[in-house]
Amino acid sequence: MDNLKIFSPSNGVKLCLMPYDIFKTSVVSINMAMPLETRVEERAVLASLLRRCCAEYDDMTKINRKLAELYGAVLSSGVSKKGEAQFVTFSITCVDDKFSLSDEKISEEGMKLLLDLIFNPKLVNGTFTKEDVETQKRLLVEKIDSEFSEKRIYALGRAEEEMCKNELYATKRYGKRERILSLTAEDVTKAWKEMIEKSIIQINVIGSNAGDNICKEIEKRFENIDRNNLCEIKTEFVVSASEENYVSQKQSVKQGKLVIGLRAGMTDKDDNNYAIHVMTDIFGGGPYSKLFMNVREKMSLCYYCSARFVRSKGIIMIQSGIEQENEEKAIKAIRQQLEDMKNGNFTKDDLENSIKSIADSYLSLKDTPDGIDSWYSGQYCDCGDEKFVSPEEYVENIRKVTSQQVQAAAQCVSIDTIYMLKSNSEEGEE
Amino acid sequence: MQIEKIENKQLNEKYYKINHPSGLKIFVMPKEGYSSTYALFGTKYGSIDNCFRIVGEEEYTQVPEGIAHFLEHKLFESEDLDAFERYAKTGASANAFTSFDRTCYLFSCSGKFKENLEILLDFVQSPYFTKQTVEKEQGIIGQEIRMYKDVPSWEVLFNLLRAMYHNHPVAIDIAGTEESIAQIDDKLLYKCYETFYNLNNMALAVAGNVDVDEVVEIADRLLKTSKKQEVERVFKEEPAAIVERYVEEKLSVATPVFNLGFKETWNTPERTLKEEICADIILEIIAGNTSFLYKKLIDENLVNTSFSSEYFTGTGFAAMLFSGESSDPEAVAGKIKERIRYYKENGIGQEDFECARKKLYGRMIMSFNDIEFLADSLIKSEFMQEGLFDDIEVFKNLTVDDINNHLSKVLDEEYSALSVIYPTEEE
């Protein structure tokens, strides 16, 4: 991308300025990555704790009032998992100053607030308060519980957990429920210090306010932070499944949820990435894919059946909602489609359609600030000081993929785990 | 043919409105600097339109629940290539959705816009239903219906709607039931199609990287002029009273999920923009994340960050909803009602009003980044007979008296119902 400027305000921190004038907003996002290994739960608590208050606005209502006064600035924080890294993300979206009714500096204030949350939190005698930490622990545990209630998400999470049980990847993005409950305010404070000192950080600024002066403001925040011992992030890639596992579980659901986890044959995130992406798309991407056309349209077995490529871990996850009496039929049909990919039973049109579809959607990404933000977020943590890849460059590589490469990619794919969430009553009814 | 340009200087935005001779209303909103285009072709026809006639017909037609959604699925098919196969050749991503009172077909693309618009206009105007293809779809939609039965937020809402509405079809599932869709056949689909997919009852909106002339050129070429007809929809009279105050169900959830609704009764079937904005501001003040209530519920461990409110309205129905997860939904409902009583007695103050107005005004401006939202809003505002920029004027002219006046007419406890999903025993 031609209008991407990169600065290094501190060791292990990249600031990416993306001046766009087509939006009515500016977005600042701060992404902090650490291994999915220790203090995962502390950082999950931190993500919402830091969003809740800071030294200047010491409770949730005050912060939210301030945001409302900043014309409904949207402040969000979240935790995600990419490969075997845990990302803690904070972002703020503000309308441009020109829309203010009395010449307020909305973006500048918004940015300052965001930085304050992370670098100037509400501490009493050097630690977070017990009360604030306890509230966030409860809210986080309830968030974990609500994933249990969404069965499609739950089933996918369980399948990943079973498949990667001997890898860090089995850890959920929020970590373990029991461990969250046992955390103290001191634990969380320690993890906060560690996070600002050791995490790999990428800051994106997107919009008309993405001027060079921002770099100074950010440098200042890091001035007194010791960033000489950064963490190291790496992800274990399992090239192929050693054997096929089958796991099923019963709950009171009305429809069975089938998840099949595949190893994509990769040794790292760049290993044959483009061919595997195209292969996964032909196999189970859009409504033109083999899974959709056969398992849904021809066999009427389901409403959804699709495959998603998780490049950061070298796995492919297939998901479908089916009647449990059709389980064998569905698995057999999915296997058949995968065999067809391995045998090269797809047409030149199938290949072209997938490439066009991937290209079309990637080239639309830069029409929303969120699209741009999520595309670039985490690239620094992934590639270190290598060049950032734009959607256009990615698409160029996708367009070079050939049928032979797709078939070869399919041949390296192996089924690792089949997971089925079943109903605990006979006909799937209660 | 008349092309009207509608502009807003403050937002620096414009769109074109075209009364096409075919009967279709067309909206085009070019967005400078955007690479993609989003198009939406919609009909004012949704899950609630189950009893109707074309004016002049002798008898009313009563159709099975879920037929509008079924028709949406089937319209993608044709005698040769179905619409998805055609879009596959252009790379566009295409979809469709059915709501209570609208059915829309859409695509988004960053290239080959003309071809994509041709596909959209062509397939929506070319129904092809046979006995075999209808049967095949029953299996697929049956699984879609079952999928939603495992989604607690969906179940809790429809249970609430059934507790609030005696007769209004908003209380039936958009996709119908496995039994109702079994009654659908090709003839019924054609009947619904002829009634509601008349261009006079439809609108097309395109936003993003687009030029008004290219849309008009394709429309001129592909739109088949519809004969003028007027559709009469029949809704049984809906009493002001609710059906039952409390309803519960058990599902595999970790924490109970609730919806609390306050049914409203009005003299006209649809709410004006001003009424909707008043409702949004009231909900923001009572239950938004800056409110006294929100803080209290969080501090007392009664709700979590999933707590939210919304104004739920369409043709012939309107309700304010509060939803979330709680270990004690009845206590939450009690606190919400207590807070509503407080505001009804003491009125909403100027400061709270200004704060909420500023927030919602800013959010409205932000939404102008999003071409999907814009195309959708253009269709919605056409069906509501409003303009896309009308919001701004309403926001500017609104006073705290308007808000208090609106508050006095809504959120009546007598018409409130609570719906809860509790965990099944084993969880």
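Residues numbered from 1 in each chain as written. Chains lettered and ligands numbered in written order. Predicted model: local features only at pLDDT ≥ 70, side-chain atom pairs only at ≥ 80, totals over all residues.

Attention now goes to the overall build of chain A. Per the secondary structure count, chain A includes 16 helices and eleven strands. In terms of overall size, chain A behaves like a compact globule, its C-alpha atoms giving a radius of gyration of 23 Å where 430 residues would be expected to give roughly 22 Å. The principal-axis extent of the C-alpha atoms belonging to chain A is close to 60 × 50 × 45 Å. Residues classed as buried in chain A amount to 51% of the 430 residues present. (Helix = DSSP H or I, 4+ residues; strand = E, 2+ residues; numbered from the N terminus. Rg over C-alpha atoms; globule rule 2.2 N^0.38 Å. Buried ≥ 20, exposed ≤ 12 C-beta atoms within 10 Å, placed from the backbone.)

Residue and element names in this part refer to chain A. By the assigned domains, chain A splits into domain 1 (5–222) and domain 2 (245–423). With centres defined by C-alpha atoms, the gap from domain 1 to domain 2 works out at 29 Å. Residue-level contacts link 29 residues of domain 1 with 24 residues of domain 2. Looking at the side of domain 1 that touches domain 2, the elements that each hand over two or more residues are strand S2 (13–19), strand S3 (25–35), strand S5 (85–95), helix H5 (151–163) and strand S6 (200–207). (Domains from an automatic or database assignment. Contact = placed C-beta atoms within 7 Å.)

The next subject is the packing of helix H3 (residues 113–124) of chain B against helix H8 (residues 212–222) of chain B. Residues and elements named next belong to chain B. Relative to each other, H3 and H8 sit at 35 degrees, their axes nearing to 10 Å. Relative to H8, the crossing made by H3 is right-handed. Only Glu-214, Val-215, Ile-218 and Leu-222 of H8 make contact with H3, whose side of the interface consists of Lys-114, Leu-117, Glu-118, Leu-121 and Asp-122. Residues belonging to the contact of H3 with H8 are distributed by class as follows: five nonpolar, no polar and four charged. (Axes fitted to C-alpha atoms, helices over the stretch in contact; angles between N-to-C directions. Left-handed = near helix turned anticlockwise from the far one by under 90°. Nonpolar A, V, L, I, M, F, W, Y, C, P; charged D, E, K, R; others polar.)

Our next topic: helix H11 (residues 329–346) of chain B. Residues and elements named next belong to chain B. Look at H11: 26 Å from first C-alpha to last across 18 residues, which is about the 26 Å you get at 1.5 Å a residue. Of all the positions in H11, only Pro-329, Val-332, Ala-333, Ile-336 and Ile-340 are classed as buried. Burial along H11 is one-sided: seen end-on, the buried residues are contained in an arc of 100 degrees. Exposed positions of H11 whose direction lies more than 90 degrees from the buried face are Glu-338, Arg-341, Glu-345 and Asn-346. At its buried positions, H11 is contacted by strand S12 (257–263), helix H9 (273–287), helix H10 (292–299), strand S14 (317–325) and strand S15 (416–423). Positive phi shows up at Gly-347, right after H11, with a value of about 80 degrees. (Expected span 1.5 Å × (residues − 1). Arc of directions from axis to C-beta.)

This brings us to the sheet that holds strand S3 (residues 25–30) of chain B. All names here are of chain B. If you trace the seven strands from one edge of the open sheet to the other, you get S1-S2-S3-S9-S4-S8-S7, paired in mixed fashion. On the outer flanks of this sheet lie strand S1 (2–8) and strand S7 (93–98), each paired with one strand and no other. Averaged over all pairs of adjacent strands, the angle between their axes in this sheet comes to 15 degrees, without regard to strand direction. Pairing analysis gives seven bridges linking S1 to strand S2 (residues 13–19), with the strands arranged antiparallel. Looking at S2, one finds that Gln-2 is bridged to Asn-19. (Pairing = 2+ DSSP bridges.)

Attention now moves to the sheet that holds strand S8 (residues 256–263) of chain A. All names here are of chain A. If you trace the five strands from one edge of the open sheet to the other, you get S7-S11-S8-S10-S9, paired in mixed fashion. Strands at the two margins of the open sheet, each flanked by one partner only, are strand S7 (245–251) and strand S9 (305–310). The sheet shows a mean angle of 15 degrees between the axes of neighbouring strands, taken without regard to direction. Where S7 meets strand S11 (residues 414–423), seven bridges bridge the pair, whose relative direction is parallel. Looking at S11, one finds that Asn-245 is bridged to Thr-417. Where H5 meets the sheet, it contacts S7, S8, strand S10 (315–322) and S11, and its direction lies at approximately 140 degrees from that of S11. Against the sheet, helix H10 (residues 290–298) engages S9 and S10, with an angle of about 155 degrees to S9.

With that settled, the discussion passes to unusual backbone geometry. Its identity as a non-glycine residue notwithstanding, Tyr71(A) has a phi of 55 degrees, on the positive side. On the secondary structure map, Tyr71(A) appears in the loop between helix H2 (60–69) and strand S4 (74–82). Even without being glycine, Leu411(B) reaches a positive phi, approximately 55 degrees. Here Leu411(B) shows up in the loop between helix H15 (400–407) and S15.

Okay, the interface of chain A and chain B next. Taken together, the contact between chain A and chain B spans 50 residues of the former and 55 residues of the latter. If you list the elements that add at least two residues to the side of chain A that touches chain B, you get H2, S5, helix H4 (130–149), S10 and helix H12 (348–364) of chain A. Its residues assigned to classes, the side of chain A that touches chain B shows 18 nonpolar, 19 polar and 13 charged.

Moving on, we get to the pairing of S10(A). Residues and elements named next belong to chain A. Within S10, eight of the eight residues are buried, which leaves it mostly tucked inside the rest of the structure. Burial along S10 is two-sided: the face carrying Ile-315, Met-317, Gln-319 and Gly-321 and the face carrying Ile-316, Ile-318, Ser-320 and Ile-322 are both buried. Summarising the sheet, S8 and S10 pair through eight bridges and their orientation is antiparallel. Paired with Val-259 across the bridge in S10 is Gln-319. In terms of strand pairing, S9 meets S10 through six bridges, oriented antiparallel. Counterpart to Arg-308 in the pairing with S10 is Met-317.

With that settled, the discussion passes to the domain arrangement of chain B. All names here are of chain B. By domain assignment, chain B separates into domain 1 (2–233) and domain 2 (246–423). Listed per partner, the contact involves 38 residues of domain 1 and 31 residues of domain 2. Within the residue set of the side of domain 1 that touches domain 2, elements represented by two or more residues are S1, S2, S3, strand S4 (37–43), helix H5 (152–164) and strand S9 (202–208). For the side of domain 1 that touches domain 2, the element with the most residues is H5, which contributes nine residues. Residues belonging to the side of domain 1 that touches domain 2 are distributed by class as follows: 24 nonpolar, seven polar and seven charged.

Once that is clear, we can look at the packing of H12(A) against helix H15 (residues 391–399) of chain A. All names here are of chain A. Contact geometry for H12 and H15: axes closest at 9 Å, N-to-C directions at 175 degrees. One way to sum up the angle between H12 and H15 is to call them roughly antiparallel. Of the residues in H15, those touching H12 at Ile-355, Ile-358, Ala-359, Tyr-362 and Leu-363 are Pro-391, Tyr-394, Val-395, Ile-398 and Arg-399. Tallied by class, the residues present in the contact of H12 with H15 amount to nine nonpolar, no polar and one charged. (Parallel < 35°, antiparallel > 145°, perpendicular 65-115°, else oblique.)

In this section: helix H13 (residues 371–383) of chain B. The α-helix advances 3.6 residues per turn, and as a result positions three or four apart in sequence lie on the same side. Residues and elements named next belong to chain B. Under the 1.5 Å per step criterion, the end-to-end length of H13 is 19 Å for 13 residues, consistent within 8% with the ideal 18 Å. Listed in full, the buried residues belonging to H13 are Ile-371, Leu-374, Ala-375, Asp-376, Ser-377, Leu-378, Ile-379, Glu-382 and Phe-383. Where H13 is buried, its residues touch S2, S3, S4, strand S8 (103–109) and S9. Directly beyond the C-terminal end of H13, a positive phi value near 65 degrees is found at Gln-385.

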